[in-house]
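Close look at the chain arrangement
Now for the letters of each chain:
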Amino acid sequence: MPFSFDDTWTACEGSTTCPCPNHLPPTLRLESVFRDPIDDDPSLYRLAFGNDCPTPTQENILASSLSDTKSNIENVDRSLEKITQLRHALLAEVVTVERELQLLRDHRDQLSRAVKRREQILAPIRRMPSEILAHILRFTLRKPVRRTPRRPGGLLSSSEMPNLASQWELDAIEDHLGEYQRVCHWWRRDILNSPGLWSQLLVVPWPDYFEDPDSLYARYLTQHISRAGQTTLDVYITLAGHGPFEEMAPLPLQVLTMLHSIAPRIQKLHIALPSRMIRDLHPLRDALMSLKILKIHNITPQISDDNSMSLFANLPNLIDYKTVDITDPLGWYQIPWLQLKRYSVICGPSTPDFESQTALSVLQRAIHLERVVLDLSSGSLSLPVENGPIVCAHLTTLKLKLNHRSGENPIPQIFTHCTFPKLTELCVEFPTYTGDFHSLMVCLQRSRSPLSALEYHGGDIVSTDMVELLKTIPTVTTLFMEDYVSGIDDAVLHCLCVPQDRDAVVRVPGFRSLYIDGDIQLDPSLFMDMVKSRWNVAPLRSIDLHWSDMTEETRAKAQGAVRGLKPYEMLGLKLKLTDQYEQIQ
């Protein structure tokens, strides 16, 4: 027989602990692949493909083989039947096993849910002190008002002049305190008992909201103030999303009464109102004793009278003053300039000119300023500066931005008339190709400023001026220049290179970061040598250069520089060289 099979095997119906072997499938051993004997006998093979009669001997051989083959078929049929029985038995076992597995999986899921519930109950957050939760949630709160430009530049027409708000989108931003209170009753309790979370108050004095003395919005403001307790407040008063403003009604009396009740606790006040409503705030004049930060966004032309002029004259703690679309801060409001430490001016693209003479007058009057941000317009100084140069003795951060291209550039005039003996951060932004780096360099030299970071946007640079700056201001750590800056050439690299001589002077030993985007005229090979020469003495850590126009020769040298500085990248150098299309590898 070409195979053998255990004919005594039957599927056991006993339990799985039964010792008999019939819980496992029987072993089927094929001794060889079946081959018809006719194929091995040429004489019989010819008979299979012809019509000749077999000889008696051949008949005996074929008869015997036929009997054996039929017997084998019977054996195979019996084996097929028993294996089919085995298959059915095993499938039944598989169904049972799958059912048991599903029961175990369900039981495990129940246990996992039980563990999770217990872990949630025992979680440390349940024992978190209310003060820590309030501190975490405070970081998620956003400013209640968002201001974004509404449209591109272009001077306002005479018909549009009354509504300066047309160039800004003022949107009220909903806070998340209501959502946080719905997390659980513990969070709601802690939030309601944390006055610091309610320190930001948004007031929208739209007259329709206060027609009814017991309006829903009035009750909301009263509830918010009550939850803030006695904590100091950041108050935002704005007509965000409302208008027009040409014939705005006066400030609702309920709003003025509410503000007067909390005025002693207001530390930050943000106002974005028509001039009429700002004038109506005059009764608060002597109540804002704790105010430290004041931001005014005027959205209609100024109404000049004694009430509006003197509204902010008596603020003994004011140190930070920011204006939006107010081009004459000295003429519009009386401000305690002598005590200010930070001053910012933001002008929309359509705002009338904020002139350099006004900026100089502010710098001359506010002698304790430490940080100044100014949006300037083109124009010339029409009045001489009194009492000689202006010394900004405390100023450490100065940011100047020129909005318009037409007319005379006022920023060099500021650098000509001022000195900054403590300036550490300077950012100057010109419209493309209108910059004047020479006046900046002369001012810093004259001031002997301990400058650390310099940002310069949109102007040509004479390489001799940059070299002179690096030679005379050794404290520079960061140079950031973009918007078609040109004039940075190999002379600057030679200045930054460290000679092999042990006694050689190292220029700007703290120099760590360089960013240039524009018409770069550096030789990449010399640039690589400069970086290597400084590495062990005063290493550059971050370099980002973007060529606005790169020749094939320069590109090949830049690729060589990137390969040559690869080992230094492994030591911490951040290097990125880019042509007008892609990063150079």
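Reading guide: rules and limits
Sequence positions are assigned chain by chain, starting from 1 and proceeding in written order. Whole-chain, interface and lining totals are the exception, using all residues; otherwise, since this is a predicted model, local features are given only for residues with pLDDT of at least 70 and side-chain atom pairs are given and counted only at 80 or more. Note that water and hydrogens are dropped before the side-chain values are worked out from all heavy atoms of the structure. Every helix listed is a DSSP run of H or I at least four residues long, and every strand listed is a run of E at least two residues long, numbered separately from the N terminus. Residue contacts are counted whenever heavy atoms from the two residues lie within 4.5 Å of one another. The method behind every accessible area is Shrake-Rupley, applied with a 1.4 Å probe, and residues are considered shielded solely by the protein chains displayed. Expected span, for any helix, means 1.5 Å times one less than how many residues it has. The classification of residues rests on relative accessible area computed with a 1.4 Å probe and restricted to protein chains. Under 20% of the type maximum is buried, over 50% is exposed, and intermediate values are partly exposed. We place a 1 Å grid over just the protein atoms. Points where a 1.4 Å probe fits but has no way out form a cavity, open points with protein on both sides within 12 Å along at least 5 of 7 lines form a pocket, and any residue with an atom within 4 Å of a point lines it. Grid points are joined across faces, edges and corners, and a volume is the space filled by probe spheres set on the points. Any residue outside Ala, Val, Leu, Ile, Met, Phe, Trp, Tyr, Cys, Pro, Asp, Glu, Lys and Arg is labelled polar, Gly included; the first ten of those are nonpolar and the last four are charged. Paired rings are identified among Phe, Tyr and Trp, the last through its six-membered ring, by centres lying within 6.5 Å, and are further divided according to the angle between planes into stacked (under 30 degrees), edge-to-face (over 60) and tilted (the rest). Basic side-chain nitrogens of Lys or Arg form a salt bridge, by our definition, when they fall within 4 Å of a carboxyl oxygen of Asp or Glu. By the convention used here, strands pair only if DSSP detects at least 2 bridges between them. Each axis is a line fitted through C-alpha atoms, and for a helix only the stretch in contact is used; angles between axes span 0 to 180 degrees, taken between their N-to-C directions. Each angle receives one of four descriptions, namely roughly parallel if under 35 degrees, roughly antiparallel if over 145, roughly perpendicular if within 65 to 115, and oblique otherwise. Should the near helix be turned anticlockwise from the far one by less than a right angle, the crossing is termed left-handed; should it be turned clockwise, right-handed. Polar contacts here mean pairs of N or O atoms no more than 3.5 Å apart (in protein, one a potential hydrogen donor and the other a potential acceptor; neighbouring residues in sequence count only if both atoms are side-chain atoms). Each residue carries a pLDDT score, the predictor's own confidence in it, on a scale running from 0 to 100. A patch is a set of surface residues, each over 30% in relative accessible area and not in a salt bridge, joined within 9 Å for like charges and within 5 Å for the nonpolar side chains Val, Leu, Ile, Met, Phe, Trp and Tyr.

Check the secondary structure of the protein and you find 18 helices and 20 strands. Long-range contacts, defined as pairs at least 24 residues apart, comprise 76% of the intrachain contacts of the protein with a sequence gap of at least 6. If you sum the accessible surface of the protein, you get close to 31,800 Å²; carbon and sulfur atoms cover 54% of it.

Another point: helix α2 (residues 56–122). Spanning 67 residues, α2 covers 96 Å between terminal C-alpha atoms, matching the ideal 99 Å at 1.5 Å per step. Among the residues making up α2, those that are buried are Q58, N72, N75, S79, K82 and L86.

Moving on, we get to empty space enclosed by the protein. Taken as a whole, this structure holds three cavities of 30 Å³ or more when the rule is applied. Approximately 60 Å³ is the volume attributed to the largest cavity. Residue assignment for the lining of the largest cavity shows that the elements contributing at least two residues are β17 (478–489), α15 (490–496) and β18 (513–521). Considering only residue class, the lining of the largest cavity consists of 10 nonpolar, no polar and no charged.

Overall, the coordinates contain 10 aromatic pairs when judged by the stated rule. When the centroid spacing of 4.3 Å and the interplanar angle of 5 degrees are considered together, the rings of F480 and Y515 count as stacked. Of this pair, F480 sits in strand β17 while Y515 sits in strand β18, and the two are 35 residues apart along the sequence. Here the aromatic cluster, defined as three or more aromatic residues joined through ring pairs, consists of Y209, F210, Y217 and Y220.

Time to look at the pattern of salt bridges. Across all of its chains, the model carries nine salt bridges by this definition. Of the charged contacts, one joins D190 and R189 as a salt bridge, the two residues approaching to 3.0 Å between their closest N and O atoms. Overall, R189 belongs to the partly exposed group, its relative accessible area being 39%. In this structure, E569 engages K566 in a salt bridge whose closest nitrogen and oxygen atoms are separated by 3.6 Å. With E569 and K566 both in helix α18 (residues 566–570) and three residues apart, this pair spans about one turn of that helix. A relative accessible area of 26% places E569 in the partly exposed class. Through salt bridges with shared partners, a single ionic network connects D523, E553 and K557.

What follows deals with the pairing of strand β19 (residues 542–547). Burial within β19 is extensive, with five of its six residues counted as buried. Two elements, β18 and β19, share six bridges in a ladder whose sense is parallel. Residue pairing for β19: I516 is matched across the bridge by L545.

Let us look at the environment of T238. Residue placement: T238 occurs in strand β6 (residues 233–238). As a C-alpha pair, T238 and L202 span 36 residues in sequence and 7.7 Å in three-dimensional space.

Here we come to the packing of helix α16 (residues 524–534) against helix α17 (residues 552–564). Between α16 and α17, whose axes approach to 8 Å, the crossing angle comes to 20 degrees. Taken together, α16 and α17 sit at an angle that is classed as roughly parallel. Taken as a pair, α16 and α17 cross one another with a handedness that is right-handed. Counting all contacts with α16, which are made through P524, S525, M528 and K532, the residues of α17 involved are T554, K557, A558, G560, A561 and G564. Partitioning the contact of α16 with α17 into residue classes produces four nonpolar, four polar and two charged.

This paragraph deals with the side chain of S199. Tracing the chain through its elements places S199 in the loop between α5 (185–192) and β5 (200–203). We classify S199 as buried; its relative accessible area is 3%. Of note is the side chain of S199, whose polar atom sits 3.1 Å from the side chain of R138. When sequence neighbours within four positions are dropped, the list of residues in contact with S199 reads R138, T231, T232, L233 and D234.

With five bridges joining them, strand β13 (residues 397–402) and strand β15 (residues 425–429) adopt parallel strand pairing. Residue pairing for β15: K399 is matched across the bridge by C427. Bridge count for β15 against strand β16 (residues 453–457) is five bridges, and the pairing is parallel. Of the residues in β16, the one forming a bridge with C427 is E455.

This next bit is on the confidence of the model for the protein. In the predicted model, the protein carries a mean pLDDT of 80, and the fraction of residues at 70 or more is 80%. Here residues 152–166 scores under 50 on pLDDT; set against residues more than four positions off or in separate chains, the count is 29 contacts. Within the model, pLDDT remains below 50 along residues 379–385, and this stretch shows 18 contacts once partners closer than five positions in the same chain are excluded.

Residues V97, L101 and L104 make up a contiguous nonpolar surface patch of about 260 Å² in total accessible area. Within the secondary structure layout, L104 lies in helix α2. Judged by relative accessible area, L104 falls into the exposed class, the value being 57%.

Attention now goes to the environment of V492. Mapped onto the elements of the fold, V492 is located in helix α15. The exposure class of V492 is buried, given its relative accessible area of 6%. V492 has contacts with S463, M466, V467 and L470, leaving out every residue within four places of it along the chain.

Let us now look at the packing of helix α13 (residues 437–447) against helix α14 (residues 463–472). Packing of α13 against α14 leaves a shortest axis separation of 10 Å and a crossing angle of 15 degrees. One way to sum up the angle between α13 and α14 is to call them roughly parallel. Taken as a pair, α13 and α14 cross one another with a handedness that is left-handed. Residues F437, H438, M441, L444 and Q445 of α13 lie in contact with α14, whose contacting residues are D465, M466, E468, L469 and T472. Looking at the contact of α13 with α14 residue by residue, the classes come out as five nonpolar, three polar and two charged.

We note that R448 has phi near 55 degrees; this positive angle belongs to a residue other than glycine. By the secondary structure assignment, R448 is in the loop between α13 and β16. Phi is positive for V508, close to 35 degrees, though the residue is something other than glycine. Owing to a relative accessible area of 1%, V508 belongs among the buried residues under this scheme.

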